[in-house]
Amino acid sequence: MRTMTSKAAQTAKVQAGPGASGSPATGPAGRRGRKKSMGVQNVAGWLFSTPFLVLFLVFMAFPILATLVMSFTDFGLRNVTHPLDANFIGFENYVNLFSDDKFLKSLFNTAYFVVVGVPLTIFLGLVVAVLLNNGIDRARTFFRVGFYAPVVTTIVAVAVVWRFVLDPSDGLIAGLFSEVGLTSPDFLGSETLAMPSMIAMAVWRNLGTVMVLFIAGLQAIPTEVREAARLDGAGVWQEFKGITVPLLRPTLLYATVITTIGYLNVFEEPFVMTQGGPSDSTLTVSLNMYREGFNFFHMGYASAMAYVLFVVIMGITVLQLRLLKDNTK
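In this convention, every chain numbers its residues from 1, walking through the sequence in written order. A pLDDT threshold of at least 70 governs which residues receive local features in this predicted model, and a stricter bar of 80 or more applies before side-chain atom pairs are shown or counted, although totals over entire chains, interfaces and linings include all residues. Heavy atoms throughout the structure, all of them, feed into the side-chain values; hydrogens and water do not.

## Regarding helix 11 (residues 249-264)
Strands here mean DSSP runs of E at least two residues long; helices mean DSSP runs of H or I at least four residues long; both are numbered from the N terminus. Any helix carries an expected span of 1.5 Å times its number of residues minus one. End to end, helix 11 covers 22 Å across 16 residues, agreeing with the expected 22 Å (1.5 Å per residue, within 8%). Accessible area is worked out with a 1.4 Å probe on protein chains only. A residue is then buried under 20% of its type maximum, exposed over 50%, and partly exposed in between. Of the residues making up helix 11, those classed as buried are Thr251, Leu253, Ala255, Thr256, Val257, Thr259, Thr260, Tyr263 and Leu264.

Okay, structure coming up:
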């Protein structure tokens with residue numbers, strides 16, 4: 001009789017389910033304990049993230065919003081000490097931008113820099129990555145460090161090296177020209193050659209970043225896939241075209257997006273090497289924005305220029321994601 005009673009009690013407890021009040025782990029007391037524990041964890045998480053949030057709000061979010069408001073005003077040097085005295089002028093700064101020949105010139109130069117520089121950087125980065133991953137066995141680490149060294153080198157050191165290389169009288173290229181009895185062109189003083197020289201410098205400086213990304217992507221490709229292709233009689237080019245490139249498309253998407261964003265914001269190369277010259281042939285949007293804001297103190301106008309560049313970057317990034325994302329699925 002007692003055995004039957006205990007079995008009935010166990011059956012009733014099982015049928016009561018996990019929400020029964022008799023279970024201390026799943027009853028009201030247990031739920032209150034879990035909620036309290038989660039509340040403590042949430043508070044601890046917010047406390048640990050507070051320093052970052054404060055820094056982000058003060059040095060990122062607030063300046064971004066302030067710049068947006070400033071772009072609709074005539075904020076200038078006189079308003080630095082009295083910012084609330086700036087006059088609201090609506091979209092006048094944005095309208096004036098597209099009738100400003102200097103801004104249009106800088107926009108064209110930036111587009112030229114991106115259209116030529118990004119494909120060159122991606123292509124050369126992929127070629128170097130493939131060679132270092134498969135083709136070169138000896139001193140592989142040395143070559144990787146050598147190609148990546150310009151990425152971590154300051155722009156001042158880079159500028160010194162490239163000025164020496166491109167100097168029309170005593171530079172390295174001038175010496176090569178003189179060996180064959182020719183006169184070296186003035187690369188940085190020519191309106192035709194100044195921008196290609198800037199692009200060459202940027203590609204050389206950023207090649208290492210793209211190379212590292214592609215090496216990581218290449219090493220993530222399963223060796224079984226390559227071996228199967230070789231067993232099927234695929235050659236080097238067929239393997240590269242049919243296996244390597246398709247499997248590298250996610251890496252290609254990421255490398256293209258970050259390289260494009262960086263080149264749209266190009267500032268250091270023309271600022272250090274040419275100051276936008278000669279005759280504004282290397283003037284970019286970022287350099288033009290810097291001049292308007294910090295040389296001429298047209299802060300409102302420079303802010304409008306910054307947001308036009310922001311919209312351009314967002315539009316191109318979304319376009320790249322849509323065009324390349326379908327191929328990465």
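Once you've had a look at it, read on.
## Here's the deal with the packing of aromatic side chains
In this analysis, rings of Phe, Tyr and Trp, with Trp reduced to its six-membered ring, are considered paired at centre separations within 6.5 Å, and the interplanar angle assigns stacked below 30 degrees, edge-to-face beyond 60, and tilted for intermediate values. All told, the structure shown has 13 aromatic pairs when counted by the stated rule. Between Phe91 and Tyr94 the ring centres are 6.1 Å apart and the planes differ by 55°, which places this aromatic pair in the tilted class. Tyr94 gets classed as buried once you look at its relative accessible area, which sits at 16%. The interplanar angle of 70° and the centroid separation of 5.2 Å between the aromatic rings of Phe113 and Tyr263 together place this pair among those described as edge-to-face. Here the residue Phe113 occupies a position in helix 4 (residues 101-135), and Tyr263 occupies one in helix 11, the gap between them amounting to 150 residues. The same class applies to Phe113 as to Tyr263, namely buried. Cluster of aromatic residues (ring-pair linked, three or more members): Phe72, Phe88, Phe91 and Tyr94.

## Some remarks on a nonpolar patch on the surface
Patches in this entry comprise residues that are over 30% relatively accessible and not in a salt bridge; like charges within 9 Å are linked, as are nonpolar side chains (Val, Leu, Ile, Met, Phe, Trp, Tyr) within 5 Å. All accessibility values rest on the Shrake-Rupley procedure with a 1.4 Å probe; residue burial counts only the protein chains present in the view. A carboxyl oxygen of Asp or Glu within 4 Å of a side-chain nitrogen of Lys or Arg is what we treat as a salt bridge. On the surface, Trp46, Phe52, Leu53, Val54, Leu55, Phe56, Leu57, Val58, Phe59, Met60 and Ile64 cluster together to form a nonpolar patch covering roughly 1100 Å² of accessible area. Assignment of secondary structure puts Leu55 in helix 2 (residues 28-70).

## Focus: the confidence of the model for the protein
Per-residue confidence from the predictor is given as pLDDT, running between 0 and 100. Of all residues in the protein, 86% attain a pLDDT of 70 or more, and the chain-wide mean is 84. Taking the mean pLDDT of every element in the protein, the minimum, 48, falls on helix 1 (residues 2-16) and the maximum, 94, on helix 3 (residues 92-97). Working rule for contacts: check all heavy atoms of both residues, and any pair within 4.5 Å makes them a contact. Low pLDDT (under 50) marks residues 12-23, which in the prediction has five contacts with non-local residues, meaning those over four places away or in another chain.

## A word on unusual backbone geometry
Following Gly277, the chain continues into Pro278 via a peptide bond in cis, with omega recorded as -5°. Positionally, Pro278 belongs in the loop between helix 12 (268-273) and helix 13 (285-295). The backbone of Asp280 shows a phi angle near 60°, a positive value even though the residue is not glycine. With respect to the helices and strands, Asp280 occurs in the loop between helix 12 and helix 13.

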